[in-house]
Amino acid sequence: MTMGEVAELVLHEWGLPWHELEATWTDEQLEVYMRSLARRLEREQRERVQLAVLLARAMGADVRMPEEPGETRDDDLETALRRWGGEVEEV
Amino acid sequence: MAEERTEEQKLAAAPLRLVLGGQTIEVRPLPIARSRRWREHVAGMLSRIEQLFRDGNDAAAIVRWLLQESPESVFEAVAYYLELAGAPVTREWLEEHATDAECYEALLEMYRVSYPFATRGLGALATAAGRA
């Protein structure tokens, strides 16, 4: 991740221009917030996939999930489900 | 060696407690912009340490190098951090009272708060020295 991308993320997430943040925040504060953001995004992604699985099952699809999910952040829904070990059947 | 800082300490920007010249001095971690100036200042020494790691040296060898070959660099890094942080000690006082070993310990603490994502270089060295 470049500093430009970090700056864009900071502005989007916390509404702070980079020059204001770097004048007031410490490296450790940014680290804690970045880790917290990463955990939140991971949780939201997992919840979205779980919701999609519920919907798919409700529509009659055979979706099976392993115990441990893999990396799914950049996947579209179908790929994410397959990476998790699920089998997606067209209804 | 101080313990790993908690998330609460990091969020509150809790001061570093550095022992220099036999006294405990509290120093607030630098904001990112000033921290970047400090990192630029010490970049040469840090890249040398990275090289020592890449060459397969263990923590003890690097500590030896820091203390024997580069005490001036360590002193400069510590003094500049204290200056940027507005610490209540002058460079002259530090030179007069602080030992090389104290400066080395202080440098590890300064490095740890300035490179929180680092897992190599001085970050690994600090961890290894803490276990030794």
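Now for a description of the structure that goes with this document.

How each quantity is defined
Residues numbered from 1 in each chain as written. Chains lettered and ligands numbered in written order. Predicted model: local features only at pLDDT ≥ 70, side-chain atom pairs only at ≥ 80, totals over all residues. Heavy atoms only, no water. Patch = residues over 30% accessible without salt bridge, like charges linked within 9 Å, V, L, I, M, F, W, Y side chains within 5 Å. Areas by Shrake-Rupley, 256 points an atom, 1.4 Å probe, with all protein chains shown as cover. Salt bridge = Lys/Arg side-chain N within 4 Å of Asp/Glu carboxyl O. Helix = DSSP H or I, 4+ residues; strand = E, 2+ residues; numbered from the N terminus. Phe/Tyr/Trp six-rings, centres within 6.5 Å; stacked < 30°, edge-to-face > 60°. Buried < 20%, exposed > 50% of the residue type's maximum accessible area, 1.4 Å probe, protein only. Lys NZ or Arg CZ within 6 Å of the ring centre and 35° of its normal. Pairing = 2+ DSSP bridges. Core = buried A, V, L, I, M, F, W, Y, C linked by side-chain atoms within 4.5 Å. Contact = heavy atoms within 4.5 Å. Buried area = accessible area lost by both parts, 1.4 Å probe. Polar contact = N/O pair within 3.5 Å; in protein donor to acceptor, adjacent residues only side chain to side chain.

**Concerning a nonpolar patch on the surface**
(1) Moving on: A contiguous nonpolar patch, built from A:Leu51, A:Leu54 and A:Leu55 and spanning about 310 Å² of accessible area, is present on the exposed surface.
(2) Moving on: One can find A:Leu51 in helix α3 (residues 27-58).

**A word on the packing of aromatic side chains**
(1) Moving on: Scanning the model with the defined rule gives five aromatic pairs over all chains in all.
(2) Moving on: Aromatic pair A:Trp14 and A:Trp25: ring centres 5.5 Å apart, planes at 50°, arrangement tilted. Remark: A:Trp25 occurs in the loop between α2 (18-24) and α3 and A:Trp14 occurs in helix α1 (residues 3-14); sequence separation between them is eleven residues.
(3) Moving on: Look at A:Trp25 and you get buried, because its relative accessible area is 15%.
(4) Moving on: Here a set of aromatic residues connected by ring pairs shows up, and it is made of A:Trp14, A:Trp25 and A:Tyr33.
(5) Moving on: When the ring centre of B:Tyr115 is taken as origin, the NZ or CZ atom of B:Arg39, which lies over that ring, is 5.4 Å away.

**Some words on the pattern of salt bridges**
(1) Moving on: Applying the stated criterion across every chain yields a total of 13 salt bridges over all chains.
(2) Moving on: Two residues, A:Asp27 and B:Arg39, come together in a salt bridge whose shortest N-O distance is 3.2 Å. Here A:Asp27 is found in helix α3, whereas its partner B:Arg39 is found in helix α2 (residues 32-54) on a different chain.
(3) Moving on: In this structure B:Arg39 comes out as buried when scored by relative accessible area, which is 18%.
(4) Moving on: As a salt-bridge pair, A:Arg39 and B:Glu7 come within 3.8 Å of each other at their nearest N and O atoms. With A:Arg39 in helix α3 and B:Glu7 in helix α1 (residues 7-11), this pair bridges two chains.
(5) Moving on: On the basis of relative accessible area, B:Glu7 is assigned to the partly exposed category, the value being 35%.
(6) Moving on: One connected set of salt bridges, linked through shared partners, spans A:Glu13, A:Arg40 and A:Glu44.

**Quick look at the pairing of strand β2 (residues 23-27) of chain B**
All names here are of chain B.
(1) Moving on: When strand β1 (residues 16-20) meets β2, the two strands line up antiparallel, connected through five bridges. When the bridges of β2 are listed, Arg17 appears paired with Glu26.
(2) Moving on: What sits between β1 and β2 in their antiparallel hairpin is a turn of two residues, with Gly21 showing a positive phi close to 60°.

**Regarding the nonpolar core**
(1) Moving on: Within the largest apolar cluster, 38 residues are counted, with the highest numbers of intra-cluster contacts made by B:Leu20, B:Trp38, B:Met45, B:Val78, B:Leu82, B:Leu94 and B:Met110.
(2) Moving on: Among the elements that make up this core, the one with the highest residue count is helix α4 (residues 71-85) of chain B (nine residues).
(3) Moving on: Leaving out residues up to four positions away in the same chain, B:Leu82 has contacts with B:Leu18, B:Leu20, B:Val27, B:Ala87, B:Val89, B:Leu94 and B:Met110.
(4) Moving on: Residues A:Trp18, A:Leu30, A:Met34 and A:Leu37 belong to the second largest nonpolar core, which totals twelve residues.

**Some remarks on the interface of chain A and chain B**
(1) Moving on: Of the residues lining the interface, 17 residues belong to chain A; the matching set on chain B comes to 18 residues.
(2) Moving on: Here chain A meets chain B over a buried area of about 1,500 Å², counting both sides, of which 57% is carbon and sulfur.
(3) Moving on: The three residues of chain A that bury the most area against chain B are A:Glu22, A:Asp27 and A:Glu28, which together make up 43% of that side's buried surface.
(4) Moving on: For the pair chain A and chain B, the interface holds five salt bridges.
(5) Moving on: Inspection of the chain A/chain B interface yields nine residue pairs in polar contact (both at pLDDT 80 or more).
(6) Moving on: Elements with a minimum of two residues in the side of chain A that touches chain B: α2 and α3 of chain A.

Without other data, these values stay purely geometric and don't point to any function.
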